[in-house]
Amino acid sequence: MTPDPVIARELALDPAEFIGVLERSGLGERRPLADAARIAAMCKHANLIVTARDAGKLIGVARCVTDFAYCCYCSDLAVDKAYQGRGLGKALLQATRAELHPKASLYLISAPAAVGFYEAIGMERSERAFGFVPPNRFS
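Here is a short report on the structure shown in this document. Starting from 1, residues in each chain are numbered consecutively following that chain's sequence as written. Totals for whole chains, interfaces and linings use all residues, but because this is a predicted model, local features are given only for residues with pLDDT of at least 70 and pairs of side-chain atoms are given and counted only at 80 or more. Based on all heavy atoms of the structure, the side-chain values leave hydrogens and waters out of the count.

## Side note on the packing of aromatic side chains
Aromatic rings in a pair are described by how distant their centres are and how their planes are angled relative to each other.
Thinking step 1. Working definition: rings of Phe, Tyr and Trp (its six-membered ring) pair if their centres are within 6.5 Å, and the pair is stacked with planes under 30 degrees apart, edge-to-face with planes over 60 apart, and tilted otherwise. Summed over the entire model, instances satisfying the criterion amount to 1 aromatic pair.
Thinking step 2. When the centroid spacing of 5.0 Å and the interplanar angle of 70° are considered together, the rings of Phe117 and Tyr118 count as edge-to-face.
Thinking step 3. Only protein chains enter the calculation, and the probe is 1.4 Å; a residue is then buried if its accessible area is under 20% of its type maximum, exposed if over 50%, and partly exposed in between. Accessibility expressed as a relative area gives 10% for Tyr118, which makes it buried.

## Regarding the sheet that holds strand E4 (residues 71-79)
Two strands in a sheet stick together by hydrogen bonds in their backbones, pointing the same way (parallel) or opposite ways (antiparallel).
Thinking step 1. Read across the open sheet, the 5 strands follow the order E1-E2-E3-E4-E5; overall the sheet is mixed. The strands lining the two open edges of the sheet, one partner per strand, are strand E1 (6-10) and strand E5 (105-108). Here the strands of the sheet are splayed against their neighbours by 25° on average, with no regard to which way each runs.
Thinking step 2. Two strands qualify as a pair provided DSSP detects at least 2 bridges between them. Comment: elements are numbered from the N terminus, with helices defined as DSSP H or I runs of at least four residues and strands as E runs of at least two. Sheet topology note: the strand E2 (residues 48-54)/strand E3 (residues 57-66) ladder contains 7 bridges and is antiparallel. Lines fitted to C-alpha atoms define the axes, with helix axes restricted to the stretch in contact, and inter-axis angles between N-to-C directions lie between 0 and 180 degrees.

## So, the pairing of E5
Thinking step 1. Pairing of E4 with E5 involves 4 bridges; the strand directions are parallel. The partner of Cys71 across the bridge, within E5, is Ser105.

## Notes on the pattern of salt bridges
Thinking step 1. Within this document, salt bridges are pairs made up of a side-chain nitrogen of Lys or Arg and a carboxyl oxygen of Asp or Glu, the two lying within 4 Å of each other. Within the structure shown, the criterion is met by 7 salt bridges.
Thinking step 2. Close ionic contact of Glu10 with Arg53 constitutes a salt bridge, the shortest N to O distance being 2.7 Å. Of this pair, Glu10 sits in strand E1 while Arg53 sits in strand E2, and the two are 43 residues apart along the sequence.
Thinking step 3. One salt bridge connects Glu17 with Arg53, and the closest N-O pair in it is separated by 2.8 Å. Placement of the pair is Glu17 in helix H1 (residues 15-25) and Arg53 in strand E2, with a sequence separation of 36 residues.
Thinking step 4. Residues joined in a network through salt bridges with shared partners are Glu10, Glu17 and Arg53.

Interpretation in functional terms is not warranted from these geometric data alone.
Structural data, given as structure tokens:
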């Protein structure tokens, strides 16, 4: 393990690597990992991908959809459990924000266990967010 993982924007995300980090982060239980075509589409259509790599191995990812000027939706923020607690999630979000206009908003939906993390890094909760959430969306 290198002392400082490399955090960088990448233009593409390999679906197999993405599945691996989702599994190792614990976020995989909330994603359709068995649906290869859906995972491939998730990777292909994300237009802002920021990764954390340790000696080339994907250990963290912020996968987003954005217009870069007004808003950004971070659909996945995942950090390998072996690397959690080292500031990588915060660093991935900081690097994501650095790609956006300074006045652009960044939104995400937290997994239940991660709410405290987002509050601790200064993200604001919204009581006005709405969504159409299909049943069985993780399968």
